Structure formats: structure tokens, C-alpha cells
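Examining the three-dimensional arrangement
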Amino acid sequence: MKILITGGAGFIGSHVVRLFVSKYPDYQILNLDALTYAGNLENLRDVENAPNYRFIKGDIADQSFIDQLFAHEEPDAVIHLAAESHVDRSITDPMSFVKTNVIGTVNLLNAARNLWHPGGYDGHVFYHVSTDEVYGSLDFGPEMFTEETSYDPRSPYSASKASSDHFVRAWHHTYGLPIKLSNCSNNYGPNHFPEKLIPLAIHRLRTGQPVPVYGKGENVRDWLFVKDHATAIDAVFHKGKNGDTYNIGGVNEWQNLKLIELLCDVVDQKTSQEQGTSRKLIKFVTDRAGHDMRYAIDSSKIMNELGWKPSVTFEQGLAQTVDWYLANEEWLNSVTSGAYQDYNQKQYAGR
Ligand code: NAD
Ligand code: DAU
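What this report covers is the structure whose coordinates are included nearby. (Residues numbered from 1 in each chain as written. Chains lettered and ligands numbered in written order. Predicted model: local features only at pLDDT ≥ 70, side-chain atom pairs only at ≥ 80, totals over all residues. Heavy atoms only, no water.)

Strands sit in the order S3-S2-S1-S4-S5-S6-S10 across an open sheet of seven strands; the sheet is parallel. The open sheet terminates on both sides in strands that have one partner only, identified here as strand S3 (53–57) and strand S10 (245–248). The sheet shows a mean angle of 20° between the axes of neighbouring strands, taken without regard to direction. Here strand S5 (residues 125–131) pairs with strand S6 (residues 179–184) via six bridges, running parallel. Bridging from a neighbouring strand, Phe126 pairs with Ile179 of S6. Where helix H1 (residues 11–23) meets the sheet, it contacts strand S1 (2–6), strand S2 (28–33), S3 and strand S4 (77–80), and its direction lies at approximately 165° from that of S2. Where helix H5 (residues 156–175) meets the sheet, it contacts S5, S6 and S10, and its direction lies at approximately 155° from that of S5. (Pairing = 2+ DSSP bridges. Helix = DSSP H or I, 4+ residues; strand = E, 2+ residues; numbered from the N terminus. Axes fitted to C-alpha atoms, helices over the stretch in contact; angles between N-to-C directions. Contact = heavy atoms within 4.5 Å.)

Even without being glycine, Asn191 reaches a positive phi, approximately 70°. The backbone of Val251 shows a phi angle near 45°, a positive value even though the residue is not glycine. Here Val251 is to be found in the loop between S10 and strand S11 (253–255).

Two side chains of opposite charge can pair, provided their charged atoms sit close to one another. Overall, the coordinates contain 17 salt bridges when judged by the stated rule. With a shortest N-O distance of 2.9 Å, Glu73 and Lys2 are connected by a salt bridge. Of this pair, Glu73 sits in helix H2 (residues 63–73) while Lys2 is found in strand S1, placing the two residues 71 residues apart along the sequence. (Salt bridge = Lys/Arg side-chain N within 4 Å of Asp/Glu carboxyl O.)

Around ligand 2, 23 residues are found, and the nearest of them are Thr131, Asp132, Tyr157, Arg288 and His291. In the model, an oxygen atom of ligand 2 is placed 2.8 Å from a nitrogen or oxygen of the Tyr214 main chain. For the shell around ligand 2, the elements supplying multiple residues, two or more each, are helix H6 (197–206) and strand S8 (211–214). Here the element with the most residues in the shell around ligand 2 is S8; it accounts for three residues. (Near = heavy atom within 4 Å. Polar contact = N/O pair within 3.5 Å; in protein donor to acceptor, adjacent residues only side chain to side chain.)

Turning to the site of ligand 1, a few remarks are in order. The environment of ligand 1 is made up of 28 residues, and the closest members are Asp33, Asp59, Ser85, Tyr157 and Lys161. One nitrogen or oxygen atom from the main chain of Phe11 is found 3.1 Å from an oxygen atom belonging to ligand 1. Asp33 places a polar side-chain atom, nitrogen or oxygen, 2.5 Å from an oxygen atom of ligand 1. Of all the elements in the fold, those that place two or more residues in the shell around ligand 1 are H1, S5, H5 and strand S7 (186–188). The element contributing the most residues to the shell around ligand 1 is S5, with three residues. Looking at side-chain class alone, the shell around ligand 1 contains 13 nonpolar, 12 polar and three charged residues. (Nonpolar A, V, L, I, M, F, W, Y, C, P; charged D, E, K, R; others polar.)

Following this line, the structure appears as C-alpha cells:
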């Protein structure tokens, strides 16, 4: 089987690529990625020479490139993760989210349908990796997002992901394209770009800079270790039902301020600083516009039907994450300086 994984050089995509390349030596894994600021082939150094792995640089928003790629490579399945993924960037530059997340997804759907339909859809699957943010925002009650929760996206990012989810389901209902979808909560772990809360906080604590807490820090997120998201994607891809959606979460809700305080304590412990040192760097700043208050995911469907469950506790995952960032200073320095962009341009100029 030849699987096209989009966004494989990004945070979650690189963990999915690594899992599939190592677990399924008989599969050919094609990693299609535009190498935007968030894409980094350093994330995949350990698998880049594997015989069942190949990297292709390209933009999913470029229709003719995508059509040619599908005609040339003839993938049997698609696992689609490529996206603009940061809510704050979607507030300042919404159009790039429309281009990649909406138009890019429709380009892939069209190309998959055109390639697969003439011979029948048997054995093919288009899997869209999506977010819990499409469901909107919860209050502090007991309610959780289920697969039946109505869509209510509230940021340009979540609106673009909701739109792409709708297009994926429309291709299933209208053209019979075999699809699977999953909507996951906040991931954390190694290789997370340091614009997102947890890696940003670790980077700032490491370099003695203030850690910005939006508003009062009351907002709640449900955190899942990225390697557990990758195993959930494996389960949905292989065992999920055609046309179905699976919610994925960590049953691990944290208020932002409490999470940052915990992170400060872990960093103090790991760097042998006096407890309380890092907490002094917490700084309350102006809130994010339209900031969703709470996300909470009911994962019972994927747990009961597909037998998936997280493999690590939050304490274990967070400790591994802090260890990884402290041990990979060079990675952090390169992605937080211009060197990251320069590397990608030099490495792939003209290809
Ligand atoms: P990321 O920003 O770390 O990586 C995105 C990848 O997509 C990068 O490698 C980037 O180069 C690539 N990309 C961007 N635009 C592209 C384009 N036009 N053509 C080809 N490649 C392009 O994102 P992530 O956090 O790894 O998220 C991956 C997917 O999972 C996204 O679809 C996101 O919506 C979804 N998701 C993320 C989370 C999370 O907590 N990070 C949670 C649930 C779902
Ligand atoms: O829920 C899944 C989503 O989780 C994914 O679909 C997105 O791709 C991913 O980026 C993430 O979105 P969030 O907006 O929840 O993640 P972020 O790390 O940007 O912020 C987490 C929380 O922390 C949120 O309530 C905003 C707050 N925050 C964030 C930053 C960057 C701060 O208080 N300070 C910060 O500096």
C-alpha cells in the first residue's frame, strides 16, 4: 500500500510518519509537505533513509501540482494533516488558512476521487485529521464534545477546519469517496513549534523570558501526548469505519494558569533551580480575541470501538517533553531564529 501523508514534516505529522514507517515496513510512505515555517525535516532525520519513506516538497493549495502528483504517484490512501494550525496566526492572516485548509483539502479530495473512482473505491481511504475546535466552546459544566455535537467554529482557524471537515463528508455523501475523520484535542510533546503554549513556555523559561498568560489564564484545554495521537490515527486508519468520525482526547483538562504553574515547577526541578523561580516569569497579557473558554473531548467511541487508549499519564508526558526540549536546545534555537527558513530554502531550492 502506498500512503500519502500530508504535513508529515510538522509536529503531529512527523510522529505519524515515524510510526507508520517503522511499524509498517511493507507500506510505502510518501510525505508531502510545503515546508512552511512549521515544517521541519529535522523532525524526521531518523527515518529519512528508510527504504519505505520518501519526501516530496509541494503545496496542497496548488491544484495542478496536486493533480500531477496523484497521476504520477497513484497513492492508495491519504492521511491528511497539512494545515495552517495556529489560532493566533489565523486572527492576523485568515486568508492563508482558507488557502491551505479549505482549498488545499478540496484539491486533495478532487485528486483522490479522479484517481480512484474509475477503478472503484475498494481498498482506498481518505482520512482527514481534524480538531475539536470545530465544536466551539464549552462552559465550566460537565458537558463534553461528542461526535454528535453540532459544529460551532469561532476562530478563523476553526472555521477553516470545520469547512474542510464538511467538504470531506460532502465528497463521501455525493461521490461515495471512502473517508474517515478524527477530531482531536490539544497535543503536546517533542517537535512542537514554540508558538504554541507548552513549547513556548518551556522555551521562554529556558531563556529567562516572561511567559505570557492570555487573560486571567482561566481557559481550559484537554491535553494529549502527541505519540498517543499518532497511535489513535493508526487505529482509525486501520480499524475505523468508512464514513465515520472519531473524537480523540486525553481526559486531561487543565486551566491554562494551573498548567503553566505545573510546567514552571517541572522546569525548576529538571534544571535544579529553587522551586518557585520559574513561576516569577508568569506574565498576564491581553486576551486572545474570541478566546474559546473550554474544550473537553469524550473519547469513549474510539476507546470502546477501536480499543485505543493513551499510553502515558500527563505527568509522564510532560516530563518527557521538558526533557526533550532541554536536550534539544539546537532544534529550539534553529526554529526560533532565521536559520530555520534559510535551511529549508537552501536544502530544497529549485526542486
Ligand atoms: P503544524 O503546524 O506543526 O504542521 C503543519 C504541517 O503542514 C507543516 O509541516 C507545514 O509545512 C505543512 N503545511 C502547511 N501548509 C501547507 C501546504 N499549503 N501544503 C503542504 N504542506 C503544508 O501542525 P500540527 O500541530 O502538526 O497539526 C497537524 C494537523 O493536526 C492539522 O491539520 C491540525 O489542524 C490538526 N490538529 C492539531 C492539533 C494540535 O494540538 N496541534 C490538535 C488536533 C488537530
Ligand atoms: O484543540 C486542538 C487545537 O489545539 C489544535 O487544533 C490547534 O492546531 C492547536 O494550536 C491548539 O489550539 P489552541 O489555541 O488551544 O493552542 P495554543 O497552544 O495556541 O493555546 C493553548 C491555550 O493557551 C489557549 O487557551 C491560549 C493560551 N495561550 C496560548 C499562548 C500561545 C496563552 O495563554 N499564552 C500563550 O502565549
